[in-house]
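What follows is each chain in one-letter form.
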Amino acid sequence: MQTYSLPSKVSALLFDMDGTLYTNPVYARNQTDLLVAKLASLHGQSFERTQAEIADFRAEFALTHAGKGTSLANVFLAFGVSIEESIRWREELLEPSGSLRPDPLLKQSLTHLSSTYKLALLTNNPMVVARKTLTALGIDLSVFSAVLGLDVCKVSKPHPAPFLKIVELLSVPCCECVSVGDRFDIDIAVPLSLGMGGVLVKGVEDVYSLEF
Ligand SMILES: [Mg+2]
């Protein structure tokens, strides 16, 4: 785990979901593959060709944005899929209960952290998928003071809007928030620019030992 600019006073922790509250690279890849397959079928071309075009787009994006990455929803926007359509596809295709199992250590960690800090969940998946994912992990939604999915702001991280919306919902200033996630460009860079701290995790194992 790598920490960035941790505030002297921490009041709220903003958690990413996928790759942060669970570590399951196979499920993560399956999520992406299902969405890419849907895009391929919409364009009437092979999965492999669509996958290659997305890889080319990401490489070009990195070249023109100082090496940065962007979200899959933003990539799909560039391929003509609106955010609303991305939301519908994710709601229709993603089924976390087939791959994720209850995680008592995560439950214990989040419960412990929630006794000191306000917790929030900020995901580029829609709320329906967030709820299904938490259920599969055995986590009660009520441990979070605020939950924000892609279908609320209609723009995906790393856009600043979801981060600003969640601090508004929490009624906590940015300078007392820490964003916790597994992708620097998506979960950490923008929060740092807004005055928050950041914790880049390798997976849920780092969340088990989170302390401030
Ligand atoms: Mg993630």
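Residues numbered from 1 in each chain as written. Predicted model: local features only at pLDDT ≥ 70, side-chain atom pairs only at ≥ 80, totals over all residues.

This part is about the overall build of the chain. A tally of regular secondary structure across the chain gives ten helices and six strands. For the C-alpha atoms alone, the extent of the chain along its principal axes is close to 50 × 35 × 25 Å. Taking all 212 residues of the chain together, 37% fall into the buried category. A sequence separation of at least 24 residues applies to 71% of the contacts in the chain between residues at least 6 apart. (Helix = DSSP H or I, 4+ residues; strand = E, 2+ residues; numbered from the N terminus. Buried ≥ 20, exposed ≤ 12 C-beta atoms within 10 Å, placed from the backbone. Contact = placed C-beta atoms within 7 Å.)

Moving on: helix α2 (residues 47-64). With 18 residues, α2 extends 26 Å between its outermost C-alpha atoms, agreeing within 8% with the 26 Å of an ideal straight helix rising 1.5 Å per residue. Here α2 lies mainly on the outside; one of its 18 residues are buried. Of the residues trailing α2, A66 is marked for its positive phi of about 55 degrees. (Expected span 1.5 Å × (residues − 1).)

Here the focus is the domain arrangement of the chain. In terms of domains, the chain is made up of domain 1 (2-24 + 101-208) and domain 2 (26-97). Between domain 1 and domain 2, the C-alpha centre-to-centre distance is 22 Å. The interface is formed by 21 residues belonging to domain 1 together with 15 residues belonging to domain 2. Contributing elements (two or more residues each) for the side of domain 1 that touches domain 2: α6 (127-137), α7 (150-153) and α9 (184-193). (Domains from an automatic or database assignment.)

Moving on: the environment of S179. Its location among the elements puts S179 in strand β5 (residues 177-181). C-beta crowding within 10 Å serves as the criterion here: with 29 such atoms nearby, S179 is assigned to the buried category. Spatially, the C-alpha atom of S179 lies 8.6 Å from that of A12, the residues being 167 residues apart in sequence.

Moving on: unusual backbone geometry. Across the junction of K157 and P158, the peptide omega takes the value 20 degrees, indicating a cis bond. For S5, which is not glycine, the phi dihedral falls at a positive 45 degrees. Note that S5 resides in the loop between β1 (2-4) and β2 (12-15). Of note in the backbone geometry, A66 takes a positive phi value of approximately 55 degrees without being a glycine. Among the secondary structure elements, A66 is positioned in the loop between α2 and α3 (72-78).

Let us look at the pairing of β5. Summarising burial for β5: five of the five residues are buried, a large majority. Both faces of β5 are covered, namely the face carrying C177, S179 and G181 and the face carrying V178 and V180. Strand direction decides the pairing type here: β2 and β5, joined by four bridges, are parallel. Bridge assignment links L14 to a residue of β5, and that residue is S179. (Pairing = 2+ DSSP bridges.)

A separate point is the packing of helix α1 (residues 25-43) against α2. Their axes nearest at 9 Å, the elements α1 and α2 cross at an angle of 110 degrees. Viewed along their axes, α1 and α2 adopt a mutual orientation that is roughly perpendicular. In this structure, α1 uses V36, A37, L39, A40 and H43 to contact α2, whose residues at the interface are F47, T50, Q51 and I54. Per-class residue counts for the contact of α1 with α2 are six nonpolar, three polar and no charged. (Axes fitted to C-alpha atoms, helices over the stretch in contact; angles between N-to-C directions. Parallel < 35°, antiparallel > 145°, perpendicular 65-115°, else oblique. Nonpolar A, V, L, I, M, F, W, Y, C, P; charged D, E, K, R; others polar.)

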